[in-house]
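# Tertiary structure, described
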Amino acid sequence: MREFGTTIFAEMTALALRTGSVNLGQGFPDTDGPPAMLERAVEAVRDGLNQYPPGPGVPELRQAVSEHREDHYDLAYDPDGEVLVTVGATEAIAAAVLALCEAGDEVIVFEPYYDSYAASVALAGAVLRPVTLRPAGGRFTFDPAELRAAAGPRTRAILVNSPHNPTGTVFTRAELEAIAGLCAERDLVAITDEVYEHLTFDGVPHVPLATLPGMRERTLMISSAGKTFSVTGWKTGWICAPAPFVRAVQTVKQFLTFTASAPWQLAVAYALRHELDWVADLRTDLQAKRDRLAEGLSAAGFEVYRPDGTYFVQADIRPLGFADGLALARELPSLAGVVAVPTQVFYAHPERGRHFVRFAFCKRDEVIDEAVTRLRKLT
């Protein structure tokens, strides 16, 4: 793990604190989730639910996740055997890769990718096979021929993140069909990171890969409460998958964390059943924040890619005369008093993303406005 070092999020957040800069780097909201959900967690703590919950997760949450999958996607998962609660989606992804990949197996990922993907593949002794997302028509997409070329005789799995961090792309049905076709042809397992499933904009739908024909039986569907309910610190996620996959992942997970956070699990179960109207309001609010930041970045001179989902805007720095996003991100606090994340650190081929930086818009309007005002200094 020596090559991974400190995560870029830790580095940029520390830089923001040290310089007093506006932090549009790490993707966490600066407001809380639904008050009634928060109160459920407090009640659970006061009621004494402070010891180990069951390893697979508290039954109330597993049942609520199962209901949510059926209600929203018409996917039926048995809460007793096909749903596993995890310490956030990050643990779910790591445990899934460790459970299903042997040393030397290959895992296809779309770059830029969330940084834990490469680390999880390395921990498993597996090999990362990146497929690059490139701008086309105002959004990031992949070349189906490049996807097919990435699959070889040792390919075991494909890791699919949609809505996609950090580009904000929401894969279309046609893109998902290309992925599903490859999975069927090469007998690949799909691990899907869907933590932004409810945070899409402009009416763009999120289509889970598991809903496509033949994909439920070969897909591990991962999500979490952190982004949906603005409680990223709760680290409460889940996997929905056929029972053999869940058993394999739980075998690994029991030696990572075993279990965690009974009060949060009960509160999230409540939220999945009662707070999705709050999530709809959050989605509307985030869409407005996206537009606010995108317009401000454009006015400051960046070329902006308006995302269809997530918390993030990708900005091309070349119109402002910069060429290296990592260098700019480290200088931006002194140049403008703002922190962003350089996108190139999320590539296996950093040169392909060297001219992009990522800004988070999951912040209060006044924070976004202050950041935009400061960034205008760059012109």
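Everything quoted here is computed from the prediction, not taken from an experiment.

## With respect to the UniProt feature "domain: Aminotransferase class I/classII large" (unreviewed entry) in the protein
The sites that carry the UniProt feature "domain: Aminotransferase class I/classII large" (unreviewed entry) are, in the present numbering, residues 22-375. Measuring from the first to the last C-alpha atom of residues 22-375 gives 10 Å, for a span that is 41% helix and 18% strand.

## Focus on the pattern of salt bridges
For the coordinates displayed, the defined rule picks out 26 salt bridges. With a shortest N-O distance of 2.9 Å, Glu185 and Arg148 are connected by a salt bridge. Highlighted residues: Glu185 in helix α7 (residues 173-186) and Arg148 in helix α6 (residues 144-150), separated in sequence by 37 residues. Take Arg148: its relative accessible area is 42%, and that puts it in the partly exposed class. Taking the shortest distance from any N to any O, the salt bridge between Asp291 and Arg306 comes out at 2.7 Å. Of the two residues, Asp291 sits in helix α11 (residues 276-300) while Arg306 sits in the loop between β11 (303-305) and β12 (312-316), which places them 15 residues apart along the sequence. Classification of Arg306 as partly exposed rests on a relative accessible area of 38%. Look at the salt bridges and you will find they share partners, linking Asp285, Lys289, Arg292, Asp365 and Asp369 into a network.

## Observations concerning empty space enclosed by the protein
Applying the stated criterion across every chain, the model contains three cavities of 30 Å³ or more. Around the largest cavity, the lining is made up of 15 residues, and of these Val85, Thr86, Val87, Ala260 and Gln265 lie nearest the centre. Split by residue class, the lining of the largest cavity holds six nonpolar, seven polar and two charged.

## Focus on the environment of Thr132
For Thr132, the position within the fold is in strand β4 (residues 127-132). Judged by its relative accessible area of 3%, Thr132 falls in the buried class. Counting along the chain gives 237 residues from Thr132 to Asp369, while the straight-line C-alpha distance between them is 32 Å. In this structure, Thr132 is in contact with Glu111, Thr141, Phe142, Glu146, Tyr347 and Arg352, ignoring residues within four places of it in sequence. A distance of 2.7 Å separates a polar atom in the side chain of Thr132 from a polar atom in the side chain of Arg352.

About the cut-offs
For every chain, the first residue of the written sequence is number 1, and numbering continues from 1 onward in sequence order. Predicted model: local features are reported for residues with pLDDT of at least 70 only, side-chain atom pairs are reported and counted for 80 or more only, and whole-chain, interface and lining totals are derived from all residues. Only heavy atoms go into the side-chain values, all of them from the structure, while hydrogens and water stay out. UniProt positions are given in the numbering used here, feature names are shortened, and annotations may be inferred rather than shown by experiment. In DSSP terms, a helix is any run of H or I states spanning at least four residues, a strand is any run of E spanning at least two, and both are numbered starting from the N terminus. One speaks of a salt bridge when a side-chain nitrogen belonging to Lys or Arg is within 4 Å of a carboxyl oxygen belonging to Asp or Glu. In this scheme, a residue with accessible area under 20% of its type's maximum is buried, one over 50% is exposed, and one in between is partly exposed, where area comes from a 1.4 Å probe on protein chains only. Cavities and pockets were defined on a 1 Å grid built over protein atoms only: a cavity is a set of grid points that admits a 1.4 Å probe from which the probe cannot escape, a pocket is an open set flanked by protein on both sides within 12 Å along at least five of seven lines, and lining residues are those with an atom within 4 Å of any such point. Grid points are joined across faces, edges and corners, and a volume is the space filled by probe spheres set on the points. Note that Gly is not counted as nonpolar here; it falls among the polar residues with everything else outside the nonpolar set of Ala, Val, Leu, Ile, Met, Phe, Trp, Tyr, Cys and Pro and the charged set of Asp, Glu, Lys and Arg. By definition in these notes, contact holds between two residues if any of their heavy atoms fall within 4.5 Å. The term polar contact refers here to a pair of N or O atoms within 3.5 Å; inside protein, the definition further demands a hydrogen-donor-capable atom paired with an acceptor-capable atom, and it admits residues adjacent in sequence only when both atoms are side-chain atoms.

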